[in-house]
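# Structural description and commentary
This is what each chain is made of:
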Amino acid sequence: MTKDRVPELLDRAAEALEREFAGLPEFKTVRESDSNAGALAQVLEEAAGRLGDNYPYFHPLYAGQMLKPPHPVARAAYALAMTINPNNHARDGGRASSEMEIEAVAEIAGMFGWKEYLGHLTSGGTMANLEALWVAGELQRSQGSEIRGQGSGTEGPGTRVQRRIVGSEQAHYTHHRISHVLKLDYGSVAADARGRMRLDALEDELRRGDVGTVVVTLGTTAIGAVDPLPEILELRDKYGFRVHVDSAYGGYFKLIEDRLEEPARRAYQAIGQADSIVIDPHKHGLQPYGCGCVLFRDPGVGRFYKHDSPYTYFTSKELHLGEISLECSRAGAAAVALWATQRLLPLRADGEFAEGLAMGRRAARELDRRLRADGRFEAPAAGGPELDIVVWKVRAETKERSSALAQSIFSACAQRNLHLALVQLPLFWFGSASGSGELVTCLRSVLMKPEHETWLERIWDALCDACSEMENG
Ligand SMILES: *Cc1c(COP(=O)(O)O)cnc(C)c1O
């Protein structure tokens, strides 16, 4: 392991923080007396031992699931904030960290071209999507009652059709569940051979006249596919519905849209026209888990959050983040970590952070190129990775054999410290004339660390090595 810079960074910052509170009288906590320092150290060593039972997510040879190590500045800032342990529910609980959250979120909104908006951090992408779909449902309810109030509709109270939410079959699985929680109907729209929402299938749904919200995924979780947002926005003009962009994983690619290929580039260029956007700083934004973000283009949706908390709003007249959030307590430390990271690595198209995304993407394209040139593998026939996720199938006589081989290669690679992932994909993506329900187990690699670019040769060698061992054995 390369030397961890966090303890040193943290020491210096912790001293600075201590000076901030130097005016307080000395005190000794009951729990942390010096006598049990040895016990603390022992328990922590035991914890380290337990943590060894993990894949090495921080290492470039971990190229499997969507896992990216937090930046040292994020880890140090998070740990520093833990000294105070602020709660960003309300300014009473996290004055400075709420300010930092507002600043950090403004920078993310600015990346999408939004100056006026409503937004905040969440505990993750699922919670952020839940808020976006909840607001979508509340808006429709309130608009529905307006129509009834004016007496312009023929439907009486209670007979109004519930407007549905639809998303592509490659949308994140939680949208279905979230809709269920919100008691909103959810419909799945077929995806094409590159995992993008099919416009003809979407329009079929829209013609039914009951779609209230379309979830558009920019960067699907399985393969990083980018739904055709500009065309969906045209359909919005025609049919009238809300567009929610789920870019929990893919949102930061906005920064390098000029380096993406068509049509992904055009989709990112249009992202600012969405009604709401979700992005996860804990996916591609170098943050520890516990950091999602939801943004609404119309700040007026804040009215739906109105609630009466009897105990949190006494000492400040300003807007609390808790007043525009479904969650109550949230880690202020997550906001401090994000703020610090963006301070060091601003969200700029020509910055180091953007270059880090571009490096992973170059690694993904290079891996895809090698797979296509190699007779042992098959890559999706319609095209290579749109972002930084690569998927491929093992060439074999039958899909059963191909799936079994993928499984064996996955294990043989792991023995060589190369950690890939497995994914079930439609067989027709690989040019076979099969029914759309037929799936084959494929290999998948998320190349989201900048180091993946220089490590690609080693990754490829390990993969080839694992394959030849199987051929010989
Ligand atoms: C990861 C992901 C989610 C879920 O976010 P969590 O932070 O894991 O809750 C939702 N949508 C997409 C597209 C994702 O990639």
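None of the values given here were measured: they were computed from a predicted structure.

This paragraph deals with the sheet that holds strand β10 (residues 421–426). Pairing in this open sheet of four strands is antiparallel, and the strands run β8-β9-β11-β10 from one edge to the other. In this open sheet, the two strands that pair with only one neighbour each are β8 (377–378) and β10. Packing against the sheet, helix α11 (residues 352–372) makes contact with β8, β9 (389–394) and β11 (439–446), and its axis sits at approximately 15° to β9. Where helix α12 (residues 399–415) meets the sheet, its contacts fall on β8, β9, β10 and β11, and the angle it forms with β11 comes to roughly 30°.

Attention now goes to the domain arrangement of the protein chain. Partitioning the protein chain into domains gives domain 1 (95–344) and domain 2 (352–472). Centre-to-centre, using C-alpha coordinates, domain 1 lies 31 Å away from domain 2. Facing 31 residues of domain 1, the contacting portion of domain 2 comprises 21 residues. For the pair domain 1 and domain 2, the summed buried area comes to about 2200 Å², and 62% of that belongs to carbon and sulfur atoms. Per-residue buried area on domain 1 facing domain 2 is highest for Ala 193, Arg 194 and Ile 223; these three make up 26% of the total on that side. Among the ionic pairs, Glu 355 bridges to Arg 259, the shortest N-O distance being 2.9 Å. If you look at where domain 1 meets domain 2, you find eleven residue pairs in polar contact (both at pLDDT 80 or more). Here the residues of the side of domain 1 that touches domain 2 sort into 16 nonpolar, nine polar and six charged.

Another aspect to go through is the layout of surface pockets. Taken as a whole, the largest pocket spans an internal volume of roughly 1400 Å³. The wall of the largest pocket is formed by 35 residues, among which Phe 58, Pro 69, Pro 70, Pro 72 and Arg 75 lie closest to the centre. The element best represented in the lining of the largest pocket is α11, accounting for four residues. A breakdown of the residues in the lining of the largest pocket according to their chemical character gives 18 nonpolar, nine polar and eight charged.

Reading the values: rules and limits
- Residues numbered from 1 in each chain as written.
- Predicted model: local features only at pLDDT ≥ 70, side-chain atom pairs only at ≥ 80, totals over all residues.
- Heavy atoms only, no water.
- Pairing = 2+ DSSP bridges.
- Helix = DSSP H or I, 4+ residues; strand = E, 2+ residues; numbered from the N terminus.
- Contact = heavy atoms within 4.5 Å.
- Axes fitted to C-alpha atoms, helices over the stretch in contact; angles between N-to-C directions.
- Domains from an automatic or database assignment.
- Buried area = accessible area lost by both parts, 1.4 Å probe.
- Salt bridge = Lys/Arg side-chain N within 4 Å of Asp/Glu carboxyl O.
- Polar contact = N/O pair within 3.5 Å; in protein donor to acceptor, adjacent residues only side chain to side chain.
- Nonpolar A, V, L, I, M, F, W, Y, C, P; charged D, E, K, R; others polar.
- 1 Å grid on protein atoms, 1.4 Å probe; cavity = no way out; pocket = protein on both sides within 12 Å on 5 of 7 lines; lining within 4 Å.
- Points joined across faces, edges and corners; volume = space filled by probe spheres on them.

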